[in-house]
Amino acid sequence: MGDSYIGRFAPSPTGPLHAGSLVAALASWLDARAHDGRWLVRMEDVDTPRCIPGTDQLILQQLAACGLMPDETPLWQSQRGALYQAALGALTHAGLAYPCTCSRKDVEAAQAARGIERSRFTELVYPGTCRNGPTRPGRPQAWRLRVPAGTVHWQDRRLGPQQQDVAATVGDFVLRRADGLWAYQLAVVVDDAAQGVTHVVRGADLADNTARQIVLQRALGLPLPRYLHVPLVLGANGEKLSKQNGARALDLSAPLAALGAAAQVLGLPTATRGTLAEALARWVTQWRDSYNPGRD
Ligand code: GLU
Ligand code: ZN
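Here the structure is a predicted model, which means the values were calculated and not measured.

Rules used throughout
- Residues numbered from 1 in each chain as written.
- Chains lettered and ligands numbered in written order.
- Predicted model: local features only at pLDDT ≥ 70, side-chain atom pairs only at ≥ 80, totals over all residues.
- Heavy atoms only, no water.
- Helix = DSSP H or I, 4+ residues; strand = E, 2+ residues; numbered from the N terminus.
- Rg over C-alpha atoms; globule rule 2.2 N^0.38 Å.
- Buried < 20%, exposed > 50% of the residue type's maximum accessible area, 1.4 Å probe, protein only.
- Contact = heavy atoms within 4.5 Å.
- Pairing = 2+ DSSP bridges.
- Axes fitted to C-alpha atoms, helices over the stretch in contact; angles between N-to-C directions.
- Parallel < 35°, antiparallel > 145°, perpendicular 65-115°, else oblique.
- Left-handed = near helix turned anticlockwise from the far one by under 90°.
- Nonpolar A, V, L, I, M, F, W, Y, C, P; charged D, E, K, R; others polar.

Peer 1: Quick rundown of the overall build of the protein chain? Include the residues and the values.
Peer 2: When its secondary structure is counted, the protein chain shows nine helices and 10 strands. Its C-alpha radius of gyration of 20 Å places the protein chain within 12% of the 19 Å reference for a compact globule of 296 residues. For the protein chain, the spread of C-alpha atoms along the three principal axes comes to 65 × 40 × 35 Å. In the protein chain, which comprises 296 residues, the share counted as buried stands at 48%. Long-range contacts, defined here as pairs at least 24 residues apart, represent 76% of the contacts in the protein chain between residues at least 6 apart.

See below:
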């Protein structure tokens, strides 16, 4: 099979793995193994101010302690700026990306009346102020994608048919920030394609980024991966588990217990007997039965 399935786990090294991020790691690994595919690890460290030095190595150690070994040497997005620049250049050349000099305040002011709520990785709906040229020349420029009108439809392997009108609900979104940092949306799409990723398996909190990523894949002429968004672990406050609401780093001395809890979130039985390798092998079999990889 080999190249017919390539999956990945793409943590941001802003903190060590915890019970929540382990679910995405395990699910993406299980799906790759169940398809006899390859599983890659990519460090999404483009938002450098949020990254904590050393966390990348810690995450790799945590994965190894859990028996989740990448099939290739991991990539660091912070070293891939040239690729992102090339993609932005191609979009700009095609008239699909443009510079924007609006400050956050400008966008907020333009949107104040519309009562738009923000979610993860989601900016305020951009009203297209700079579509015909930067409106405040001389200011630092962000780069935005010219989002075509219309609804994006896609199929999630767990959530079923999904749709979003990106133009209306997000607007022309940022590809490169005014401070020079690459936006998650551009980096993830460029790297998934560059690495030949066929199947994206990640937490459900990222599901609402998918339509934007599809818009970008189409604009760049890239193949679309299949998507599976897995359940989240919730913190004490009912929100997605994070460092802010009580997530602790995984206990490396008890990887099987941590994996068992992650497996349970995925609807698999927790391991009560055997070694780590035996538990992982059983989950691969059970995963194969529940997610029907033969059909997707
Ligand atoms: N780096 C993102 C995160 O840690 C995940 C990106 C993805 O899987 O598409 O939330
Ligand atoms: Zn603007």
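Having seen the model, we can carry on.
Peer 1: Give a detailed account of helix H6 (residues 184-194), specifying residues and quantitative values.
Peer 2: Burial within H6 is extensive, with nine of its 11 residues counted as buried. Considered for burial, the residues of H6 that qualify are Tyr184, Gln185, Leu186, Ala187, Val188, Val189, Val190, Asp191 and Asp192. Along its buried surface, H6 packs onto strand E1 (6-9), strand E2 (38-43), helix H3 (81-93), strand E8 (174-176), strand E9 (199-203) and helix H7 (210-220). Positioned one or two residues after H6, glycine 196 has a phi angle of 70 degrees, which is positive.

Peer 1: Tell me about the sheet that holds E8, and name the residues and values.
Peer 2: Spatially, three strands are ordered E4-E5-E8 in an open sheet, and the strand pairing comes out antiparallel. Whereas interior strands pair on both sides, the edge strands pair on one side only; in this sheet they are strand E4 (97-100) and E8. On average, adjacent strands in this sheet sit at an angle of 40 degrees to one another, irrespective of strand direction. Summarising the sheet, strand E5 (residues 142-145) and E8 pair through two bridges and their orientation is antiparallel. Counterpart to tryptophan 143 in the pairing with E8 is arginine 176. Along the sheet face, H3 touches E4, E5 and E8 and points at about 125 degrees away from the line of E8.

Peer 1: Which residues make up the pairing of strand E7 (residues 160-164), and what are the values?
Peer 2: In this sheet, E7 lies alongside strand E6 (residues 152-156) in antiparallel orientation, the contact comprising five bridges. Across the sheet, aspartate 156 pairs through a bridge with glycine 160, a residue of E7. Here E6 hands over to E7 after three residues, the two strands then running antiparallel side by side.

Peer 1: Talk me through the packing of H6 against H7; I want residue IDs and the actual numbers.
Peer 2: Helix packing geometry: the angle between the two helix axes and the distance between the axes. One can describe the packing of H6 onto H7 by two numbers: an axis separation of 10 Å at closest approach and a directional angle of 60 degrees. Taken together, the axes of H6 and H7 lie oblique to each other. The handedness of the crossing between H6 and H7 comes out as right-handed. Facing Tyr184, Gln185, Leu186, Val188, Val189 and Val190 of H6, the residues of H7 in contact are Arg212, Gln213, Leu216, Gln217 and Leu220. Looking at the contact of H6 with H7 residue by residue, the classes come out as seven nonpolar, three polar and one charged.

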